[in-house]
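# Commentary on secondary and tertiary structure
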Amino acid sequence: MKPSAFQYERPEDLQAALALLASGEDTRILAGGQSLVPMMNYRLAQPDVLVDINRLSELDYIKDDGDVIAIGALARHAAIKSSSLIQAHLPIIAEAYSWIAHAAVRNRGTLCGNLCHADAASEMPAIMQILEAEMVVSKVGSNRTVAARDFFVGVYETTIEADEILTEVRLPKPGAGTGWGFEEVAMRRGDYAWCTVVATLRLSDGRIAEPRIALAGVEDCATRLAAAETALKGQAPNASLFDDVAEAAAKATRPSASATSDAAYKRDLVRALLPRVLNDAVARST
Ligand SMILES: Cc1cc2nc3c(=O)[nH]c(=O)nc-3n(C[C@H](O)[C@H](O)[C@H](O)COP(=O)(O)OP(=O)(O)OC[C@H]3O[C@@H](n4cnc5c(N)ncnc54)[C@H](O)[C@@H]3O)c2cc1C
């Protein structure tokens, strides 16, 4: 199918883009187009005005900002995956990208577009939650900052409003010695996840400190596993602890079934993947 008719705007700077979004028309931002264009072709999205932000070069950056890595709205997946800053400070993101889509999609798609699209089976919303990212959201005359845990609301739903742009994602650099784990099962490599489990933790005197765990692909949006984190905190890592935590997490989760993976299978995946992720995180913590 082809999209319904729309007006195409290609502003040269952020202020002009924000003014278009504030016009009161039914507008939609076009970033990499890797999710929006298929949705328009299927007429699942029918904006009257498409605001192409690809000329906003001021938003094309990945930069070291002290304790934070800042990623602008036009940073493409491929640039983030190969960034030396990301590889040095946030290797879990580089690893996740080897599971996300394919080279052609990663060359055009943006992290911010991915987060605003908020597919329930998308990996990055879970990673944003364990890294405790902050989202900088701009509209005419003001900016606001939203914690990742408050940004994702449901399937294809975030707290961002129609007149706003997610201009920057701010990722705190993990503390020294933080280990991480990432596991995923999908129908094929590069497909959206049936189940992704991600975790970070530190070891302090041989005991688990600051455990953070999240799931993607299982519930309606990425979910932080608070009960599992509490159960791990202060404990010495061991196989039976990890199995018990995984069993409890699998029982507690509320999986949404899809055409290709039912709820029971997703619970099995949580049960199987969570201990592996925790073992990897322990092995990588120093
Ligand atoms: C074959 C294929 C496989 C894929 N596999 C995966 C996968 O395994 N995992 C995964 O996570 N993704 C996957 N994707 C999606 C991919 O990651 C997209 O790049 C991403 O979802 C959207 O980013 P984009 O820049 O292309 O956004 P667009 O498609 O341009 O926009 C997506 C939505 O976000 C809005 N938007 C975009 N930027 C902003 C902004 N800065 N502020 C506010 N709103 C904004 C748009 O208006 C639109 O509603 C796949 C895509 C394809 C085509």
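Given the structure is predicted, the values throughout are model-derived calculations rather than measurements.

For Glu132, which is not glycine, the phi dihedral falls at a positive 55°. Here Glu132 lies in the loop between helix 8 (124–130) and strand 6 (134–139). Since its relative accessible area comes to 36%, Glu132 is described here as partly exposed. A positive phi is found at Asp205, a non-glycine position, where the angle reads about 50°. Topologically, Asp205 is positioned in the loop between strand 12 (193–204) and strand 13 (207–216).

Scanning the entire structure with this criterion turns up three aromatic pairs. Both rings, one in Phe151 and one in Phe152, keep their centres 5.1 Å apart while their planes meet at 85°; by these two values the pair is edge-to-face. Given a relative accessible area of 0%, Phe151 falls into the buried group. The exposure class assigned to Phe152 is buried, which follows from its relative accessible area of 8%. Taking the ring centre of Tyr61 as reference, the NZ or CZ of Lys63 above it sits at 4.3 Å. Note that Arg284 overlies the ring of Trp180, its terminal NZ or CZ placed 3.6 Å from the centroid.

Next up on the list: the nonpolar core. Core analysis: the biggest nonpolar cluster contains 54 residues, and Ile93, Leu115, Met124, Ile127, Met128, Met135 and Val169 have the highest contact counts within it. Ignoring anything within four residues of it in the chain, the contact list for Met135 reads Leu115, Met128, Arg144, Thr145, Val146, Ala148, Phe151, Phe152, Leu166, Glu168 and Val169. With 26 residues, the next largest nonpolar core counts Ala246, Leu269, Leu278 and Ala281 among its residues.

Further remarks concern the site of the ligand. The local shell around the ligand holds 30 residues, among which Ile29, Ser35, Leu36, Thr110 and Ser122 are the closest. At 2.9 Å from an oxygen atom of the ligand is found a side-chain nitrogen or oxygen belonging to Asn114. A distance of 2.6 Å is found between an oxygen atom of the ligand and a side-chain nitrogen or oxygen belonging to Ser122. When the ligand sits alone it has 970 Å² of accessible area, and the protein chains cover 90% of it. Sorting the residues of the shell around the ligand by element identifies strand 2 (27–30), helix 7 (111–117) and strand 10 (165–172) as the ones contributing at least two each. Residue contributions to the shell around the ligand peak at five residues, all from helix 7.

Spatial strand order, 4-5-10-6-7: five strands in an open sheet with antiparallel pairing. Pairing within the sheet leaves two strands with one partner each, and these edge strands are strand 4 (62–65) and strand 7 (142–147). Within the sheet, the average angular offset between the axes of one strand and its neighbour, ignoring direction, is 25°. As defined by bridge partners, strand 6 adjoins strand 10 across five bridges and the pair is classed as antiparallel.

Under the domain assignment used here, the protein chain contains domain 1 (7–52), domain 2 (57–172) and domain 3 (179–284). Inter-centroid distance (C-alpha atoms) of domain 1 to domain 2 is 19 Å. Taken together, the contact between domain 1 and domain 2 spans 15 residues of the former and 16 residues of the latter. Together, the buried faces of domain 1 and domain 2 total about 1200 Å²; carbon and sulfur atoms form 71% of this surface. Among the residues domain 1 hides against domain 2, the three largest losses belong to Leu14, Leu18 and Gln34. Together they make up 40% of the total. Inspection of the region where domain 1 meets domain 2 yields zero salt bridges. At the boundary of domain 1 and domain 2, one finds one residue pair in polar contact (both at pLDDT 80 or more). Listing elements by their share of the side of domain 1 that touches domain 2, those giving two or more residues are helix 1 (14–21) and strand 2. Top element by residues in the side of domain 1 that touches domain 2 is helix 1. It accounts for five residues. A per-class count over the side of domain 1 that touches domain 2 returns nine nonpolar, four polar and two charged.

Rules of the game
Residues numbered from 1 in each chain as written. Predicted model: local features only at pLDDT ≥ 70, side-chain atom pairs only at ≥ 80, totals over all residues. Heavy atoms only, no water. Helix = DSSP H or I, 4+ residues; strand = E, 2+ residues; numbered from the N terminus. Buried < 20%, exposed > 50% of the residue type's maximum accessible area, 1.4 Å probe, protein only. Phe/Tyr/Trp six-rings, centres within 6.5 Å; stacked < 30°, edge-to-face > 60°. Lys NZ or Arg CZ within 6 Å of the ring centre and 35° of its normal. Core = buried A, V, L, I, M, F, W, Y, C linked by side-chain atoms within 4.5 Å. Contact = heavy atoms within 4.5 Å. Near = heavy atom within 4 Å. Polar contact = N/O pair within 3.5 Å; in protein donor to acceptor, adjacent residues only side chain to side chain. Areas by Shrake-Rupley, 256 points an atom, 1.4 Å probe, with all protein chains shown as cover. Pairing = 2+ DSSP bridges. Axes fitted to C-alpha atoms, helices over the stretch in contact; angles between N-to-C directions. Domains from an automatic or database assignment. Buried area = accessible area lost by both parts, 1.4 Å probe. Salt bridge = Lys/Arg side-chain N within 4 Å of Asp/Glu carboxyl O. Nonpolar A, V, L, I, M, F, W, Y, C, P; charged D, E, K, R; others polar.

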